[in-house]
Every structure is written in structure tokens, then in C-alpha cells.
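Structural features, examined
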Amino acid sequence: MPAGDLLDIVKDFQRLAREDTYRFAIPKDVTGINIMKATLIRLDDYERKNRGQFADIVQYNKALALERLREYDQAAALYRKVAETEGRLGSEAAKNAEALDNFLRIFDRTIPSDDPFKYIAGLDEKVAAWNALIKKHQGTPYEFMARVEEERIDRAKVAFVEANRGRLKEGNQLAIVGYSQLVTKHQQSKNSQRFLLDFGDFYMILAKEYAAQYDPEGLAFDAKVLDQLVKSALKLYSEVAQTDGAIEKLEAQGKIEALRGFMEKMTRLNR
């Protein structure tokens, strides 16, 4: 239900809005809804019913919710409106708008797509830029917001290498190195378990490709090669399956069962 009092809307939001969204998922409100989305809806409702009242507070909190949802352009625009007012939030809003302008400059950088190595180099440049912002905003919410963006680029880089491994020299090995770096660098991320599952999935892709290329019933098939790939996937899946509280735990257990079924079939065909 829409809250009638502005304090009712922002009191819990202000407490939860400072949560580290790199390490933890966006918090839920008492109804179980994303607190950022819920607050935006409630503030819009408040604005309609109370035209012009506490406009700077409403716009500042809307900007706060929008930046946590990665809508940096909309958030910066609202912060600028608040900065033009004479309220006590003006100076803080101006600082936030400046920080988001730096975010948007990195977003707006174009990456050449005509050459895979130039594309990867462009992604590396963006990672370096986000890393510079992480250091600049250390100890503030903008530090973990920049970490979220850096992580997204790191994941995109691995996905690109995986998708283009056939065009790259030793593409499979490059993808393995990329996944290894990803899971090591972002161990503290809320997505760390997902990265482990994705890494395991890649090993299973390699295992299935090997089984398709070399008939398990033929003489060219080397069971040791397949076994090594599957064991690598099993190790990653098992790490997630043994992590209590991880939402991916059940998924990992299902992948382990599927892996065992695959290996049982390959073993029977190779006899």
C-alpha cells in the first residue's frame, strides 16, 4: 500500500540503500520487494498526492534508488535538480552528480568491434577506468557501485572469449584462464557462485565437444582426456553444492547428477 507519510517511505530505504550491492543482492523491503523499485513507486505516488512538498528530499531519494539500479543518467539528472535548490541536500547532490558523470563517461566509451583483439583491449581499458574509480571512491557507496561495473566488464570479456574461441589461437585455454581470473578476482561478489557454475559449464562444453569429435566407441577416443575435463567441472560444481545458503546450491546439485549421467553413458560406450 502507498505510504502517506514521507518519513514512512524513506526511513527503511535510507537504512538499506547503503548496502554493498557488489557483495550482496539489492535488499528487499518488508513485503519482499526490491527496496529500490518499491521506493521509486512510493515516491512517485507521494509526489502525485503532495505536489511540491519536500521536492528536494523526494528527488534526492529517487536519485539514490535509481543509481543503485544502475540508471545513472536519470539519477544524475535528479541530483542536478536538487543541487539547484537552496536546501541542505544541494551540496551533497552536486557531489553525487559529479561522481555519476564519471560513471557515464566510461559507459559512453566506444569499443571497436571490427577486430577481436581490439575489442578485448577496449574492455581492458574500461576495467582500468572502473578500477581507478574504485580507488577514488574508496570507503563510499560509489566504490562498490564501481566494483559492480568492473565485474560486469570482466564477465563480458570472458563471455566474448568463450564465444569467439574458435577464432582465437588456443581459444579454449584463453577461456579457461579468463574464468580462473574471474572467479579469483571476484571471490567477494554476490555472483561468485554463479561464476563457478559457469566455469563448470564451460568444462562440460569441452567434454561434450570432445565426445562428439572422438566417438567413445572408437579407437581414437581417450577416456583420460574426457575424465580430466569432467573432473574439473565436478570440482567447481561441488564447491557450489557444498556452500550453505547459496541460492545456486540446488542448481549445482542438479548439474552434478547430470554430469554423472553423462559419464556413465560415455563409460558404457567406451567399453
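Refer to the structure printed above.
All of the points below concern the structure found in this document. These numbers come from a predicted model, not from an experiment. (Residues numbered from 1 in each chain as written. Predicted model: local features only at pLDDT ≥ 70, side-chain atom pairs only at ≥ 80, totals over all residues. Heavy atoms only, no water.)

Some remarks on the packing of aromatic side chains
Remark: the centre distance and the inter-plane angle together describe each pair of aromatic rings, the angle taken between the planes. Inclusion rule: Pairing of aromatic rings covers Phe, Tyr and Trp, the last through its six-membered ring, and needs centres within 6.5 Å; plane angles under 30 degrees mean stacked, over 60 mean edge-to-face, and all others mean tilted. Numbering of helices and strands runs from the N terminus, with a helix taken as a DSSP run of H or I at least four residues long and a strand as a DSSP run of E at least two residues long. Exposure classes here rest on a 1.4 Å probe applied to the protein chains alone. A residue is buried below 20% of its type maximum, exposed above 50%, and partly exposed in between.
For the coordinates displayed, the defined rule picks out 12 aromatic pairs. Seen in terms of ring centroids, F103 and Y142 are 6.0 Å apart; in terms of plane orientation they differ by 70 degrees. Their pairing is edge-to-face. One end of the pair, F103, is in helix α5 (residues 90–107); the other, Y142, is in helix α7 (residues 141–163), and 39 residues separate them in sequence. You'll find F103 and Y142 in the same group, each marked buried. For the pair F199 and Y203, a centre-to-centre distance of 5.1 Å together with 25 degrees between the ring planes defines the contact as stacked. Taken as a pair, F199 and Y203 lie in helix α9 (residues 192–213) at a separation of 4 residues, close to a single helical turn. One exposure class covers both F199 and Y203, and it is buried. Three or more aromatic residues joined by ring pairs make a cluster, and in this case those are Y72, F103, F107, W130 and Y142.

A short note on helix α1 (residues 6–16)
The condition that has to hold: As used here, the arc belongs to the directions running from the helix axis to the C-beta atoms. We call two residues in contact when some of their heavy atoms are within 4.5 Å. We call two N or O atoms a polar contact when they sit within 3.5 Å, provided that within protein one can donate a hydrogen and the other can accept it, with sequence-adjacent residues counted only if both atoms are side-chain atoms.
If you check which residues of α1 are buried, you get L6, I9, V10, F13 and L16. The arc enclosing the buried residues of α1, seen along the axis, measures out at 130 degrees, which places them on a common side. Facing away from the buried surface of α1 by more than 90 degrees, the exposed residues are L7 and R15. Contacts made by the buried residues of α1 are with α2 (35–49) and α3 (55–68). With a side-chain oxygen lying 2.9 Å from the backbone nitrogen of L7, the N-terminal cap of α1 falls on D5.

Here's the deal with the environment of K62
Following the sequence through the fold, K62 ends up in helix α3. Spatially, the C-alpha atoms of K62 and T39 are 7.5 Å apart, while their sequence positions differ by 23 residues. Once residues lying within four places of it in the same chain are set aside, the contact partners of K62 are L40, L43, D44, E47 and L78.

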